[in-house]
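# Structural features, examined
Chain by chain, the residues:
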Amino acid sequence: MFKITVTPRFGDIDSLKHVTNTVVGDWFETGRNEIFRIFTPDLDTSYEKWKLIMVRTEFDFIDQMYYGFDVEIRTFIDKIGTSSFTVGHEAWQKGKLKSKGKAVIVHYDFIEQKSKPIPEEIKEKLRKHTCDEE
Ligand SMILES: CC(C)(COP(=O)(O)OP(=O)(O)OC[C@H]1O[C@@H](n2cnc3c(N)ncnc32)[C@H](O)[C@@H]1OP(=O)(O)O)[C@@H](O)C(=O)NCCC(=O)NCCSC(=O)c1cc(O)c2ccccc2c1O
């Protein structure tokens, strides 16, 4: 599991005084960086080197998050398929699970414009980051 800490910005709060929904997707995306490095260590997004495309994302908002308290973003591998894998996400504030989500990502050749099976050596690296949700 990877963990990063984010600090809600003043502008992340909406008129109801809680962290607005779109911000959480950005935090989860940032949390995924270390997983992308498994495929493209230098994060070069050229078509020659970048190998991933997202096909699905979903979020559950369990409890409200507020300004003034850091948020821990936890990122892990939930499932590994043939050409796709699912990343699990959690946002924790003040020791409580506030939001969780998933993103399905496909191993994809942008030059040939088609999905490709994930190589076994990459699957092995992904397996090291599987984790049960807390
Ligand atoms: C990507 C596609 C070309 C896939 O088409 P294909 O015909 O190859 O798909 P298959 O049916 O063979 O499925 C392959 C594989 O994926 C699984 N899958 C496909 N769709 C879904 C789905 N909706 N939900 C869940 N799973 C799905 C399927 O089960 C297969 O799994 P296996 O493991 O069994 O092999 C085609 O779908 C396509 O072109 N889609 C459009 C993608 C797109 O435009 N996405 C939005 C833009 S991308 C994006 O926003 C993005 C944001 C990020 O933050 C990223 C960060 C890092 C990396 C990438 C990012 C990113 O792409």
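Residues numbered from 1 in each chain as written. Predicted model: local features only at pLDDT ≥ 70, side-chain atom pairs only at ≥ 80, totals over all residues. Heavy atoms only, no water.

Looking at an unreviewed UniProt entry, one finds the protein chain named 1,4-dihydroxy-2-naphthoyl-CoA hydrolase and attributed to Methanobrevibacter cuticularis. For the record of the protein chain, the UniProt heading Sequence similarities (unreviewed entry) holds the text "Belongs to the 4-hydroxybenzoyl-CoA thioesterase family." (UniProt positions renumbered as here; feature names shortened; annotations may be inferred.)

### Regarding the site of the ligand
Around the ligand, the surrounding shell holds 17 residues, and the nearest of these are E29, F36, S83, S84 and S115. V55 has a polar backbone atom sitting 3.4 Å from a nitrogen atom of the ligand. One of the side-chain N or O atoms of S84 is found 2.7 Å from an oxygen atom in the ligand. In isolation the ligand has 1200 Å² of accessible area, and contact with the protein removes 50% of it. Going through the elements one at a time, β2 (52-61) and β5 (96-109) are the ones with two or more residues in the shell around the ligand. Looking at the shell around the ligand, the element that brings in the most residues is β2, giving five residues. Within the shell around the ligand, the residues separate by chemical class into nine nonpolar, five polar and three charged. (Near = heavy atom within 4 Å. Polar contact = N/O pair within 3.5 Å; in protein donor to acceptor, adjacent residues only side chain to side chain. Areas by Shrake-Rupley, 256 points an atom, 1.4 Å probe, with all protein chains shown as cover. Helix = DSSP H or I, 4+ residues; strand = E, 2+ residues; numbered from the N terminus. Nonpolar A, V, L, I, M, F, W, Y, C, P; charged D, E, K, R; others polar.)

### Brief notes about the nonpolar core
By size, the foremost hydrophobic cluster in this structure holds 16 residues, and its most contacted members are I35, F39, L52, F85 and L126. Within the residue set of this core, elements represented by two or more residues are α2 (33-39), β4 (84-93), β5 and α3 (120-127). In terms of residue count, the dominant contributor to this core is α2 (four residues). Beyond its immediate stretch of four places on either side in the chain, F85 contacts I35, F39, L52, I77, K79, I80, A103, V104, I105, I118 and L126. Of all hydrophobic cores here, the second largest spans 10 residues; its members include V19, W27, M65 and A91. (Core = buried A, V, L, I, M, F, W, Y, C linked by side-chain atoms within 4.5 Å. Buried < 20%, exposed > 50% of the residue type's maximum accessible area, 1.4 Å probe, protein only. Contact = heavy atoms within 4.5 Å.)

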